Amino acid sequence: MQMKDEIKNGIMLGVFVIIILVIVYLATAIFMTGEIGGKKNKTKDNKTTTTTVSTNQYNNKIIADKIFNRSEESYMVVVFSSKNASNELKEMIKNYNGKTKLYVVNVDEAINRSLKADADNLYVQDSSSLKVKENALLIINGGIVTKAVTGGANIISELK
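It should be emphasised that the depicted structure is a prediction, and the values quoted were computed from it without experimental measurement. (Residues numbered from 1 in each chain as written. Predicted model: local features only at pLDDT ≥ 70, side-chain atom pairs only at ≥ 80, totals over all residues. Heavy atoms only, no water.)

1. Looking at the overall build of the protein chain
What counts, and what does not: Secondary structure counts use DSSP, requiring at least four H or I residues in a row for a helix and at least two E residues in a row for a strand, with both numbered from the N terminus. Note on classification: 1.4 Å probe, protein chains only; a residue is buried when its accessible area is under 20% of the maximum for its type, exposed when over 50%, partly exposed between these limits. Every residue pair with non-hydrogen atoms within 4.5 Å of one another is taken to be in contact. Each accessible area is a Shrake-Rupley result for a 1.4 Å probe, and residues are judged covered by the shown protein chains and nothing else.
Summing up its helical and strand segments, the protein chain has three helices and six strands in all. Relative to its full complement of 160 residues, the protein chain shows a buried share of 30%. Restricting the contact set of the protein chain to residue pairs at least 6 apart, pairs at least 24 apart contribute 53%. Summed over its atoms, the accessible surface of the protein chain is roughly 10600 Å², and 54% of this surface lies on carbon and sulfur atoms.

2. Some details on the pairing of strand E4 (residues 101–106)
Defined as follows: Any two strands with at least two DSSP-identified bridges between them are counted as paired. By definition, the crossover connecting two strands over a helix is right-handed if that path, from the first strand to the second, turns clockwise as seen with the strands pointing away from the viewer.
Most of E4 sits inside the fold, with five of its six residues counted as buried. Inspection of the sheet shows strand E3 (residues 74–80) paired to E4 by six bridges, in the parallel sense. Looking across to E4, one finds that Val77 is bridged to Tyr103. For the segment spanning E3, helix H2 (residues 87–94) and E4, crossover handedness is right-handed.

3. What to know about the pattern of salt bridges
We apply this condition: By convention in these notes, a salt bridge is any Lys or Arg side-chain nitrogen within 4 Å of a carboxyl oxygen on Asp or Glu.
Enumeration according to the criterion identifies four salt bridges in this entry. Residue Glu91 is joined to Lys94 by a salt bridge in which the shortest nitrogen-to-oxygen separation is 3.8 Å. Remark: Lys94 and Glu91 occur in helix H2; sequence separation between them is three residues, near one turn of the helix. Overall, the relative accessible area of 33% leaves Lys94 in the partly exposed class.

4. Looking at the layout of surface pockets
Worth spelling out the cut-off: Here the term cavity refers to a set of points on a 1 Å grid, laid over the protein atoms alone, in which a 1.4 Å probe fits but cannot get out; the term pocket refers to an open set having protein on both sides within 12 Å along at least five of seven lines, with lining residues being those that place an atom within 4 Å of a point. Grid points are joined across faces, edges and corners, and a volume is the space filled by probe spheres set on the points.
Put simply, the second largest pocket is a space of about 160 Å³. Ser81, Asn84, Lys133, Glu134 and Asn135 are the residues nearest the centre of the second largest pocket, which is lined by 13 residues in total.

5. As for the nonpolar core
Short version of the rule: As used in this record, nonpolar core signifies buried Ala, Val, Leu, Ile, Met, Phe, Trp, Tyr and Cys residues forming a set joined through side-chain atoms within 4.5 Å.
Core analysis: the largest hydrophobic core is formed by 20 residues, its most contacted members being Ile67 and Val79. Among the elements of the structure, E3, E4, strand E5 (136–141) and strand E6 (144–150) are those that each provide at least two residues to this core. Among the nonpolar cores identified, the runner-up in size contains 16 residues, and Val78, Val104, Ile139 and Ile156 belong to it.

6. Let's talk about the packing of aromatic side chains
Just so we agree on the cut-off: Two aromatic rings, drawn from Phe, Tyr or Trp (for Trp, its six-membered ring), form a pair once their centres lie within 6.5 Å of each other, and the interplanar angle then sorts them: stacked below 30 degrees, edge-to-face above 60, tilted otherwise. We count a charge as sitting over a ring when the NZ of a lysine or the CZ of an arginine lies within 6 Å of the ring centre and within 35 degrees of the ring normal.
For the structure on display, the rule yields one aromatic pair. Centroid distance Tyr75 to Tyr103: 5.7 Å. Interplanar angle 90 degrees. Geometry classified as edge-to-face. With a gap of 28 residues between them, Tyr75 in strand E3 and Tyr103 in strand E4 connect regions that are remote in the sequence. Neither Tyr75 nor Tyr103 differs from the other in exposure class; each is buried. Sitting above the plane of the Tyr103 ring, Arg70 keeps its charged end 4.5 Å from the centroid.

7. Observations regarding the side chain of Asn106
Inspection of the secondary structure assignment puts Asn106 in strand E4. A relative accessible area of 7% means that Asn106 is categorised as buried.

8. Some points on a nonpolar patch on the surface
Inclusion rule: Put simply, a patch holds well-exposed residues, over 30% relative accessible area, that have no salt bridge, with like charges counted together within 9 Å and Val, Leu, Ile, Met, Phe, Trp or Tyr side chains within 5 Å.
A contiguous nonpolar surface patch, about 1200 Å² in accessible area, is contributed by Met3, Ile7, Ile11, Leu13, Val15, Phe16, Val17, Ile19, Ile20, Leu21, Ile23 and Val24. Residue placement: Val15 occurs in helix H1 (residues 2–32). Of the residues examined, Val15 reaches a relative accessible area of 43% and is grouped as partly exposed.

Below is the structure:
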């Protein structure tokens, strides 16, 4: 009788652990990475299609904490919202092939949301002080922001 209770408790504990792991995975996939879910769009004939935003659609994507920890002496970082950026800006970032290395930080991702603010604070030396109101291009030399450009059209001009 006691052996059956131990087996029963072991099975219940195993099931409980599996359920907790599934819940943690789903929470991470939905809220942190955007792996599950997407935006639903209605087409002209009222059919619903699902569009997911790929988390790997940009080369050289980094997180906010790594903005000032790059190996290059001189590089650029685009800090932008993929939800609010124009298609022209997104394409310019994707297709950039200039001499200066370009990194991308998407503030729509949960890990980078700390950068969003009501006012810009762009000329900083560490990512904890960096605040962005709208899309911004940071030009960094020697670990210091030497130039900052805001606004989609201005960023596009700078990247050309």
